[in-house]
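# Structure assessment
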Amino acid sequence: QVQLVESGGGLVQPGGSLRLSCAASVSTSGIFFMGWYRQAPGNEREWVASSVGKITSYADSVKGRFTISRDNAKNTVYLQMDSLKPEDTAVYYCKIGPYDRTDYWGQGTQVTVSS
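These remarks concern the structure in this document. Computed from a predicted model, the values in this text were never measured in an experiment.

Rules and cut-offs
- Residues numbered from 1 in each chain as written.
- Predicted model: local features only at pLDDT ≥ 70, side-chain atom pairs only at ≥ 80, totals over all residues.
- Heavy atoms only, no water.
- Phe/Tyr/Trp six-rings, centres within 6.5 Å; stacked < 30°, edge-to-face > 60°.
- Lys NZ or Arg CZ within 6 Å of the ring centre and 35° of its normal.
- Salt bridge = Lys/Arg side-chain N within 4 Å of Asp/Glu carboxyl O.
- Buried < 20%, exposed > 50% of the residue type's maximum accessible area, 1.4 Å probe, protein only.
- Pairing = 2+ DSSP bridges.
- Helix = DSSP H or I, 4+ residues; strand = E, 2+ residues; numbered from the N terminus.
- Axes fitted to C-alpha atoms, helices over the stretch in contact; angles between N-to-C directions.
- Contact = heavy atoms within 4.5 Å.

On to the packing of aromatic side chains, then. This model, assessed by the stated rule, comprises one aromatic pair. For Arg45, the ring lying beneath its charged end belongs to Tyr93, and the centroid distance is 3.7 Å. Above the face of the Phe33 ring, Lys95 is positioned so that its terminal group lies 5.7 Å from the ring centre.

Enumeration according to the criterion identifies five salt bridges in this entry. Of the charged contacts, one joins Arg38 and Glu46 as a salt bridge, the two residues approaching to 2.7 Å between their closest N and O atoms. The partly exposed category is assigned to Glu46, whose relative accessible area is 36%. The salt bridge involving Asp60 is made with Lys63; its shortest N-O contact spans 3.2 Å.

With that settled, consider the sheet that holds strand E1 (residues 4-7). Across the sheet, four strands lie side by side as E1-E3-E8-E7; this open sheet has antiparallel pairing. Edge positions in the open sheet fall to E1 and strand E7 (66-71), since each of these has one partner strand only. Between one strand axis and the next, the sheet turns by 15 degrees as a mean value, whatever way the strands run.

So, about unusual backbone geometry. Pro98 follows Gly97 through a cis peptide bond whose omega is -10 degrees. As for its position among the elements, Pro98 is in strand E9 (residues 90-99). Positive phi values are uncommon outside glycine, yet Ser83 reaches one of about 50 degrees. Secondary-structure assignment places Ser83 in the loop between strand E8 (76-81) and E9.

Turning our attention to the side chain of Arg65. Mapped onto the elements, Arg65 comes out in the loop between strand E6 (55-58) and E7. In contact with Arg65, not counting residues within four places along its chain, are Gln80, Met81, Asp82, Ser83, Leu84, Lys85 and Asp88.

Shown next, in the form of structure tokens:
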């Protein structure tokens, strides 16, 4: 069983920044996929960014503002979010996998962008 612990969410003003962290209870050096998703009230969960090996990808809505990175020495994936907008308000979830043929999700962290 893999545990993922997310942190870094909170309330920020438009134009501000936050950095989300997702720490895994296992080594991430051999894990193929690490990514972030978000879900706003009334919406389906959507993909935000991912790191597949050394290749990073971003949803068009966050490209140029968000940066995903992974530190395998700390078994952690990060999401640096800059120039935040009110429409970025959502619960953010990390996802990693496969590990032992299973994908795992974090518990979610709330990000609220409001003045």
